[in-house]
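# Reading the structure
The primary structure of each chain is shown beneath.
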Amino acid sequence: MSGRFNGLRVMVVDDSHSMRKIVETMLLEEGCIMECVDNGLEALIKAAQFRPSLILLDIMMPSLDGYQTCSIIKHHDVLQTCPVILLSSMDDAFNKMTGKMAGADDYVCKPFHKDTLLTAIQRAVR
């Protein structure tokens, strides 16, 4: 299958099974290699092995939230250069600023159109 992002290694971190499946389906169609997990702690463990080119990270999750997970990623020796795009239904300046302070490269509001997500990915991996 040929897509816009052939071979791009993407990790999706979201506690919603349906959201993980939606994003995974969209990105598999674009040629991405996918790893999906449902929490921040699992993301940190698997990301060190999977070595993603990009991480799509939900904010509202149990135990480690997306801000905490992002901050840890951005301070991790191996993962710190990996772009992180936060995904959230909270479309306000406070949450966007908190994401930026945690080190996020971009912020995409849910629900989103496929083109919006793909454009954000394109910007992040340039």
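I will try to describe carefully the structure that is included in this document. Computed from a predicted model, the values in this text were never measured in an experiment.

Before going further, it helps to examine the packing of aromatic side chains. The full count for this structure, using the stated rule, is zero aromatic pairs. The ring of Phe50 carries the charged tip of Arg9 above its face, separated from the ring centre by 4.3 Å.

Burial of strand E3 (residues 54-58) is extensive: five of the five residues sit out of reach of the surface. Going residue by residue along E3, you find Leu54, Leu56 and Asp58 tucked away on one face and Ile55 and Leu57 tucked away on the opposite face as well. For strand E1 (residues 9-13) and E3, the ladder comprises four bridges, and the chain directions are parallel. By the bridge assignment, Val13 is partnered in E3 with Leu57. The pairing of E3 with strand E4 (residues 84-88) spans four bridges and is classified as parallel. Its bridge partner being in E4, Asp58 is matched across the sheet by Leu87.

With that settled, the discussion passes to the environment of Leu64. The residue Leu64 is located in the loop between E3 and helix H3 (66-74) in this model. As for Leu64 and Glu42, which are separated by 22 residues in sequence, their C-alpha atoms are 9.7 Å apart. Setting aside chain neighbours within four positions, we find Leu64 in contact with Gly40, Leu41, Leu44, Thr69 and Ile72.

This paragraph deals with the packing of helix H1 (residues 17-29) against helix H5 (residues 114-125). Contact geometry for H1 and H5: axes closest at 11 Å, N-to-C directions at 65°. The orientation of H1 with respect to H5, classified from their angle, is roughly perpendicular. For the pair H1 and H5, the sense of crossing is right-handed. Here Val23, Met26, Leu27 and Glu29 of H1 come into contact with H5, specifically with Lys114, Leu117, Leu118 and Ile121.

Right, let's talk about the sheet that holds E1 for a bit. Across the sheet, which stays open at both edges, the five strands sit in the order E2-E1-E3-E4-E5 with parallel pairing between neighbours. Looking at strand neighbours, the two that pair on one side only are strand E2 (33-37) and strand E5 (106-109), the edges of this open sheet. Strand after strand, the sheet turns through a mean of 20° between neighbouring axes, direction not considered. Running over the sheet, H1 touches E1, E2 and E3 and is turned about 175° from E2.

Conventions adopted
- Residues numbered from 1 in each chain as written.
- Predicted model: local features only at pLDDT ≥ 70, side-chain atom pairs only at ≥ 80, totals over all residues.
- Heavy atoms only, no water.
- Phe/Tyr/Trp six-rings, centres within 6.5 Å; stacked < 30°, edge-to-face > 60°.
- Lys NZ or Arg CZ within 6 Å of the ring centre and 35° of its normal.
- Buried < 20%, exposed > 50% of the residue type's maximum accessible area, 1.4 Å probe, protein only.
- Helix = DSSP H or I, 4+ residues; strand = E, 2+ residues; numbered from the N terminus.
- Pairing = 2+ DSSP bridges.
- Contact = heavy atoms within 4.5 Å.
- Axes fitted to C-alpha atoms, helices over the stretch in contact; angles between N-to-C directions.
- Parallel < 35°, antiparallel > 145°, perpendicular 65-115°, else oblique.
- Left-handed = near helix turned anticlockwise from the far one by under 90°.

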